[in-house]
Amino acid sequence: MTRDIRITDVRITPIAFRDGPLLNAAGIHEPWALRAIVELETSDGRVGISETYGDEPMLRVLAQAKELVLGLSPFDLNRMEERVRAAIRPGPGAVEFELAPGSHTAKNAAKVTSTFEVAMLDLQGQLLGAPVVDLLGGAVRDTVPYSAYLFFKYAEHIGRPYAADAWGEGISPAQIVAQAQRMIDAYGFQSIKLKGGVFEPAHEIACMRALRAAFPGLPLRLDPNANWSLETSIRAAPELDELLEYYEDPTPGLKGMAELARHTRLPLATNMVITTLDDFRKGADTGAVKVLLSDHHYWGGLRVTQTLARMCALWDLGMSMHSNSHLGISLMAMTHVAASIPNLTYACDTHYPWQEEEVILGGRVAFENGAVRLPGTPGLGVELDRGKLAELHAQYLACGVRNRDDLAQMRKYDAGFPGRTPRF
Ligand code: GKR
Ligand code: MG
C-alpha cells in the first residue's frame, strides 16, 4: 500500500558550482555559489530530491530538521510542516544578506518546509505516476516563460580561480546589449531584466535605453536592489516611465516604496519589502507594490506559493518570480509551481544561464523560446546525476566559501568599496 511507505533516510549534500563575476548593489558574486541537495529515501527504495540554500546556517537547520521528516509518509505534508514550525527557529549565526531574502534565518522554518515539501511532492509524483504540477491541481500552461536576467559584470574573477566565462565584460550599454543578444540567441527569452544598483543611475538608464533601442518589442525591467535613495528613485522615474514593464525595488523599505508609488506611473515590484506572509499582511494595502516576486525557497514551498497567488489576485497585485544562483532541480520546482498559477503572468526570473554546471542526469535543462516545457514524467521529472553530485560536493569541500559575502569579495577588488546603502 502506498500509504504504508515511509521516509527512512535523509541525505543533505552541500555543493559549490562556478558562478560569474556578477555585480550587484552589495558588491560582486564570489567564484563559487553554494546550494544544498536534499534527498529523502523511502522504505521502498525511492528517492525524492530538492535543492535549496547551501550557506552554513541553512546546513545547520537542515541537519537539525532531518529527524522531523523520518517516519512520515511522503503524503504527510501538513504533519511535516507542523513539526518543522514547532522545532525550527530563527538563528543562530544569521547571515543577513539584504539582497537575498533567502539568506534570512528568520525564514528558517519556511525554508526547511519548502525543501522537504519539494522532495516529498517528488516522491508523491513517483508513487502516483504523476508530474508534480498535477499534485498542485494541474497545469494552466504547458511551458513557463523566463526572462533574460542581465548583470553588469567583469570579464573574470580576481585571482583567476578558473578560466574566464564566455560572456566577457558587461559594463557599457553596448556590452549589455551584446550580453542580452547572446542570452536571447541561446535561450529565446522574450523579456529582459537588468540587475542595477551598481553604477550611477544615469549609466543604468542609458543601458535601459540601449536595450529598448535594440529590442523594441521586449518588456524590460530594472532592479537596483534598494540601492537608490527615495529622491534618486523619484528623479529617475520619469526617465524610466516609457521604458519599463516594472520598476523593481529601486528604494529601501515599504514606506519608501509607497512614497515613490505616489510619484510614478510605473508599477513597483518587490522581492525585498514583502517577503513573508506577515509582510504581506502589513504591506499589501500600502500601495507600495503592484507586482510581487514569489520564491518558493523562502516563502515556504510550492503550495504556499499558490496561496500567495490567491492573495495577490485578491489584492489585485501582479505576480512574478525571484531567483538566486541555482541549478536544475530548483528550476524544475519553479516551473511546476509557475505552471499551476493562472495569475503568474510575468516571465519568471532565473539565474540559470549564468550557471554552466549541473547536478541532474542528462545535463542542463532545455529552453524553447525562453520557456521551460513541463515534463510529463512523474515527480519533478529530473533525477540526480550521482557522479556530478560527488564532483560538486568535492568543489564545495575545496572552495573555501561557506557563506555568501558579495561585499567582502568586492573589497578584494577595491579595498575602499563602501558598504552603505542606498549608495546612489
Ligand atoms: O544574485 O546578485 C544576485 C541578485 O542580486 C540576488 O541576490 C537578488 O536576490 O536576484 C535577486 C533580486 O531580484 O533581487
Ligand atoms: Mg529583485
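Keep in mind that this is a model prediction, so the values were computed, not measured. (Residues numbered from 1 in each chain as written. Chains lettered and ligands numbered in written order. Predicted model: local features only at pLDDT ≥ 70, side-chain atom pairs only at ≥ 80, totals over all residues. Heavy atoms only, no water.)

Colleague: Please clarify how the overall build of the protein chain should be interpreted in this entry.
Modeller: Scanning the protein chain for helices and strands turns up 14 helices and 12 strands. Taken along the three principal axes of its C-alpha coordinates, the protein chain extends 65 × 50 × 40 Å. Across the protein chain, contacts joining residues at least 24 apart in sequence account for 73% of those joining residues at least 6 apart. As displayed, the protein chain offers around 15600 Å² of accessible surface, 52% of which is attributable to carbon and sulfur atoms. Charge centroids of the protein chain, computed over 42 positive and 51 negative side chains, lie 3 Å from each other. (Helix = DSSP H or I, 4+ residues; strand = E, 2+ residues; numbered from the N terminus. Contact = heavy atoms within 4.5 Å. Areas by Shrake-Rupley, 256 points an atom, 1.4 Å probe, with all protein chains shown as cover. Lys, Arg positive; Asp, Glu negative; His and termini not counted. Charge placed at Lys NZ, Arg CZ, Asp CG, Glu CD.)

Colleague: How do you make sense of the sheet that holds strand S3 (residues 47-53) when you look at a structure like this?
Modeller: Within a sheet, neighbouring strands are paired by backbone hydrogen bonds and run either parallel or antiparallel to one another. Here we have three strands laid out as an open sheet, ordered S1-S2-S3, and antiparallel in their pairing. Two strands close off the open sheet at either side, each with one partner strand: strand S1 (7-18) and S3. The average undirected angle you get between the axes of adjacent strands in this sheet is 20 degrees. Along the sheet face, helix H1 (residues 56-69) touches S1, strand S2 (32-42) and S3 and points at about 165 degrees away from the line of S1. In this fold helix H3 (residues 108-128) packs onto S1, S2 and S3, with an angle of close to 155 degrees to the strand it touches most, S3. (Pairing = 2+ DSSP bridges. Axes fitted to C-alpha atoms, helices over the stretch in contact; angles between N-to-C directions.)

Colleague: How do you make sense of the domain arrangement of the protein chain when you look at a structure like this?
Modeller: Buried accessible area, meaning the area lost when the parts come together, often serves as the stated size of an interface. Assigned domains within the protein chain: domain 1 (2-132 + 386-398) and domain 2 (134-373). Inter-centroid distance (C-alpha atoms) of domain 1 to domain 2 is 23 Å. Tallying the contact residues gives 49 residues for domain 1 and 52 residues for domain 2. When the two sides are added together, the surface that domain 1 and domain 2 hide from each other amounts to roughly 4200 Å², 62% of it contributed by carbon and sulfur. Considering only the side of domain 1, the residues that lose the most area to domain 2 are Arg18, Leu23 and Val132, jointly responsible for 17% of the buried surface there. On inspection of domain 1 and its partner domain 2, the count reaches three salt bridges. Linking domain 1 to domain 2 there are 25 residue pairs in polar contact (both at pLDDT 80 or more). Ranked by residue count, the leading element in the side of domain 1 that touches domain 2 is H3, at 10 residues. (Domains from an automatic or database assignment. Buried area = accessible area lost by both parts, 1.4 Å probe. Salt bridge = Lys/Arg side-chain N within 4 Å of Asp/Glu carboxyl O. Polar contact = N/O pair within 3.5 Å; in protein donor to acceptor, adjacent residues only side chain to side chain.)

Colleague: For this particular structure, what's the right way to read the site of ligand 1?
Modeller: Around ligand 1 sit 17 residues, and of these Asn24, His29, Leu99, Tyr149 and His322 come closest. In the model, an oxygen atom of ligand 1 is placed 2.7 Å from a nitrogen or oxygen of the His29 side chain. Separating an oxygen atom of ligand 1 from a backbone N or O atom of Leu99 is a distance of 2.6 Å. Considering ligand 1 on its own, with 350 Å² of exposed area, one finds that the protein chains cover 100% of that surface. Listing elements by their share of the shell around ligand 1, those giving two or more residues are strand S5 (148-151) and strand S6 (192-195). For the shell around ligand 1, the class distribution of residues is four nonpolar, eight polar and five charged. Counting the residues that make up the shell around ligand 1, at least three belong to each of domain 1 (2-132 + 386-398) and domain 2 (134-373). (Near = heavy atom within 4 Å. Nonpolar A, V, L, I, M, F, W, Y, C, P; charged D, E, K, R; others polar.)

Colleague: Hey, could you run me through the pairing of S2 in this one?
Modeller: Remember that side chains alternate between the two faces of the sheet whenever the strand is regular. Of all 11 residues in S2, 10 are buried, a share of seventy percent or more. Pairing of S1 with S2, which is carried by 11 bridges, proceeds in the antiparallel orientation. For Ala16, the partnering residue across the bridge sits in S2 and is Leu34. Bridge count between S2 and S3: seven bridges; the pairing is antiparallel. Note that in S3 the partner of Glu41 across the bridge is Val47. Where S2 hands over to S3, the hairpin turn is made up of four residues, of which Gly45 adopts a positive phi near 85 degrees. (Buried < 20%, exposed > 50% of the residue type's maximum accessible area, 1.4 Å probe, protein only.)

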